[in-house]
Amino acid sequence: MQPNLEDESTPVLPPSQTEAEPDGDPFPGVLSRIARIVSGTLELKAVFTRVAEVAHEVLPFETMGVCRLEQGDLLRRYAVAGEGAECEEDDDAEVHLGDFSPAMRPRMGKNTQRCNDAERELDPAFPMDKDLLECGVRSLLCSALASGGRTEGVAWFTSAKPNAFTEKHERMAASIADILSLSLEHERLWTMEATRRQRLDAIDTLLPTIAGTLDVRGVFHRVSEIVQPVLPHAVLILTTLSADRRALVVDVSTGDPELTPARFPAVAGDPLAYHKAPEYLLVPDAETKDVPCPTREDCRKLGMRSILGIPMSLDGGTRWLLFLSLNPHQYSAEEDVTVARRVADHVSLALSHQRLAEEERKAAEARERATQLEERVQVLTDQLENSLGYRRIVGDSEPWKAILGHAAKVAQTETTVLLTGESGTGKEVLARFIHRGSPRAKGPFVGLNCAALPETLLESELFGYEKGAFTGATATHPGRIEQAAGGVLFLDEVAEMSPAVQAKLLRVLQEREYQRLGATRPMKTDVRIVAATNKNLERAMSRGDFREDLYYRLHVFEIRLPALRERRQDVVPMAEAFLEEVGAAVGRKAAGISIEAMEALLAYDWPGNVRELRNALERATILCDGGMIEVEHLPIARSPRPSSGVVPRTPEDGSFPLEGVNLDSVERGLIINALQAARNNRSRAARLLGITRSQLYTKLQKYRLDA
């Protein structure tokens, strides 16, 4: 609150008593009196006539005035007092340095200057020179008002008498100017602080606007409208520092979206600078080429000249609030940074509330999913045997279309079919396709993995057993052949059958009869056999591991399924189909597959074929949590080819290269080597490794080699 002054009329200045100056100062304390007058208030303009009255005691002038220097070469009349004040119609009139003659202009920058012959030194061709001459000025005394090393304005004294001022008057005018300079600076600081407080109070009206929203983007234009009167801007932008810390991604902007870039280069040239983010960014004029700001060029293309940016640290990253103006030198560090920072604080608060609300929403969804999980357990268990993947045929490549054509033709017959190809190529899918297209479609489809059971269990599971056939057989158990009556029996990994089981299966194919374990009479069967293997049965015959007569019984109609790497055209449609299936099973569908992730899927060789692709997408769907599947969600990103796990050979000196190798990779490589040496015969591979077959299956699952 400024002190009040009593209103006083403009006094009539007494005649100057300095016309005959003694060597000493006849008026000691004049400067002290002036200082006391101006110290009584921060509004110097209100007491300027009293200052002029005291100054007249030591300076022979008729008119005294003060002009303040503003932007560029603009001078604004601040106050005028004295006998010639009537010549100054408007105290707040603007005066440009160009209105002074060249002879007068340089004097404005010097501490104190005298002009004792105005008619000779002033040029009436210039507006200010002409005004001075028309007001009868013949002597002029000017003293610069300076503060903090910069010129704030000028104090001037005029007289109608030529040669009115002396060197001593110059010194006195300079002393008075010093007092006025301090007073002007104090008034400027007080006015600036009062204005700043008013602007901050206006900014605080943002709180009701943003308090009622959980999405700042929805009210961002309203934020801009509220801020506009106190911090003018053409565009207001909220950005987020990108993951690589090299760019500012635009979250929301008040400008035309088609004109506003989606990204700006990082504010600091060195991305590491964000570990200690700058307090603010200020570009007075984007046209200035030497401004070290990467965003300058983008803003210049938008037609923006001034940039003011405030960093906001949220969520472990840095956001920026950018104010852009069409006018150069729109913002200053002294007046605008504090106001802009208050705006950023309010926006930061809203963003924090938004983040907390989002976390609560995700937590609520997680709780809801957990509640639904128990309800789904039974349903999912029932669907495992008949998941969508077993009933869908996906693929547009020519090799796959040819396979389906052959399967459709043989499906209409009763011919035994042998499906060959690598593990995971979709042999069971094709077997079900044959079943659905056959006259036996209404009958059951029964499958049995011959490699998953020991010899004794495989025989009893396939043919069944009578009560008391062996210890634990407390009741008669029908085998898979009997269960598949009237339908199709799918025998997967048929090459893993022992010779004894092979002989009994041959009898089923030849005589259409079989015998349960412990039974005394044979039973007739009405079943169609579809067998599958990933082994080379001809090599197995040559080694004596597979019966030749059984081979020819199974090999009536062979369909070789190509590996997935041989039909890469099908990767995309299969991936899309699997996402639908997996989304339903997991309970949260992925938003899609990114371009980089799809390129990785197409580039991978897929040693586990279709089964590995489905497993990879199921895992990625769980990890992405409803978002886009990225490369990091795919297991292939870490181990793109199975050969990468092969153990390197040991040098002759017995040393082992340990660089880049860990225990898991060594064990995985040993298993791969054993499978290759055993030609993918898992029983033989288990013997080579010195472990049981069940232990081998456990390790195959651990290292995802069971696909």
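Residues numbered from 1 in each chain as written. Predicted model: local features only at pLDDT ≥ 70, side-chain atom pairs only at ≥ 80, totals over all residues. Heavy atoms only, no water.

**Q** How should the overall build of the chain be read in this particular structure?
**A** If you tally the helices and strands in the chain, you get 22 helices and 23 strands. A buried classification covers 44% of the 707 residues belonging to the chain. Sequence-distant contacts in the chain: of pairs separated by 6 or more residues, those separated by 24 or more amount to 64%. (Helix = DSSP H or I, 4+ residues; strand = E, 2+ residues; numbered from the N terminus. Buried < 20%, exposed > 50% of the residue type's maximum accessible area, 1.4 Å probe, protein only. Contact = heavy atoms within 4.5 Å.)

**Q** Help me understand the environment of Val51 in this model?
**A** Inspection of the secondary structure puts Val51 in helix α2 (residues 48-55). Sequence separation between Val51 and Ile34 is 17 residues; the distance between their C-alpha atoms is 5.8 Å. Val51 has contacts with Ile34, Ile37, Val38, Met64 and Leu180, leaving out every residue within four places of it along the chain.

**Q** Can you help me understand the sheet that holds strand β4 (residues 112-115) in this one?
**A** Sheet strands line up and pair through hydrogen bonds in the backbone, either parallel or antiparallel. Spatial ordering of the open sheet is given by β3-β2-β1-β6-β5-β4, a layout of 6 strands whose pairing is antiparallel. Two strands lie at the open edges of the sheet, namely β3 (94-96) and β4, each paired on one side alone. Recorded for the sheet is a direction-independent mean angle of 25 degrees between the axes of neighbouring strands. In the packing of α2 onto the sheet, contacts are made with β1 (63-69) and β2 (74-82), and the angle to β1 comes to roughly 125 degrees. (Pairing = 2+ DSSP bridges. Axes fitted to C-alpha atoms, helices over the stretch in contact; angles between N-to-C directions.)

**Q** Could you clarify how one ought to interpret the packing of helix α20 (residues 663-677) against helix α21 (residues 682-689) in this entry?
**A** The relative placement of two packed helices comes down to the angle between their axes together with the axis-to-axis distance. For the pair α20 and α21, interaxial distance at closest approach is 8 Å and the crossing angle is 125 degrees. One way to sum up the angle between α20 and α21 is to call them oblique. The handedness of the crossing between α20 and α21 comes out as right-handed. Residues Leu670, Ile671, Ala674, Leu675 and Ala677 of α20 lie in contact with α21, whose contacting residues are Arg682, Ala685, Leu688 and Leu689. Split by residue class, the contact of α20 with α21 holds 8 nonpolar, no polar and 1 charged. (Parallel < 35°, antiparallel > 145°, perpendicular 65-115°, else oblique. Left-handed = near helix turned anticlockwise from the far one by under 90°. Nonpolar A, V, L, I, M, F, W, Y, C, P; charged D, E, K, R; others polar.)

**Q** Got a minute to help me understand helix α17 (residues 571-586) in this structure?
**A** Think of an α-helix as turning once every 3.6 residues; residues three or four places apart then point the same way. Taking 1.5 Å as the rise per residue, α17 with 16 residues should run 22 Å; its terminal C-alpha atoms sit 21 Å apart, in good agreement. Within the sequence span of α17, burial applies to Val571, Met574, Ala575, Ala577, Phe578, Leu579, Glu581, Val582 and Gly583. Looking at the packing, one finds that the buried side of α17 touches β22 (592-593), α18 (595-603), α19 (609-624) and β23 (628-629). Gly587 occupies a position one or two residues after α17 and carries a positive phi of about 95 degrees. (Expected span 1.5 Å × (residues − 1).)

**Q** Before we go on, may I ask you to explain the pairing of strand β7 (residues 235-241) in this structure?
**A** Remember that side chains alternate between the two faces of the sheet whenever the strand is regular. Judged by how many residues are buried, β7 sits mostly within the fold: 6 of 7 residues are covered. The turn joining β7 and strand β8 (residues 247-253), which pair antiparallel and follow one another in sequence, is formed by 5 residues; a positive phi near 60 degrees is taken by Arg245.

**Q** Explanation requested: the confidence of the model for the chain in the structure shown.
**A** In regions of low pLDDT, the predicted coordinates are not meant to be interpreted in detail. When the pLDDT values of the chain are averaged, the result is 77; 78% of them are 70 or greater. Per-residue pLDDT stays below 50 along residues 269-276; that stretch engages in 12 contacts with residues further than four places along the chain or on separate chains. This model gives residues 373-390 a pLDDT under 50, and the stretch forms 15 contacts once residues within four places in sequence are excluded. (pLDDT = per-residue confidence, 0-100.)

**Q** How should I be thinking about the nonpolar core in this particular structure?
**A** Within soluble globular proteins, side chains that are nonpolar tend to cluster in buried spots. Of all hydrophobic cores here, the largest spans 32 residues; its most connected members are Met64 and Leu180. Of all elements in the fold, only α1 (30-39), α2, β1, β2, β5 (139-147), β6 (150-159) and α5 (167-203) reach the threshold of two or more residues within this core. Tallying contributions element by element places α5 first for this core, with 7 residues. Those residues in contact with Leu180 that lie beyond four places of it in its chain are Val38, Leu44, Val51, Met64, Val66, Leu145 and Ala155. Leu505, Tyr514, Val527 and Ala531 belong to the second-largest nonpolar core, a separate cluster that totals 30 residues. (Core = buried A, V, L, I, M, F, W, Y, C linked by side-chain atoms within 4.5 Å.)

**Q** Even after reading the chapter, I still don't get the pattern of salt bridges, so can you show me in this structure?
**A** Applying the stated criterion to the full structure yields 28 salt bridges. Note that Glu167 and Arg171 form a salt bridge whose closest N and O atoms lie 3.9 Å from each other. Taken together, the positions of Glu167 and Arg171, both in helix α5 and 4 residues apart, correspond to about one turn of that helix. Linked through salt bridges whose partners overlap, the residues forming this network are Glu414, Arg440 and Asp526. (Salt bridge = Lys/Arg side-chain N within 4 Å of Asp/Glu carboxyl O.)

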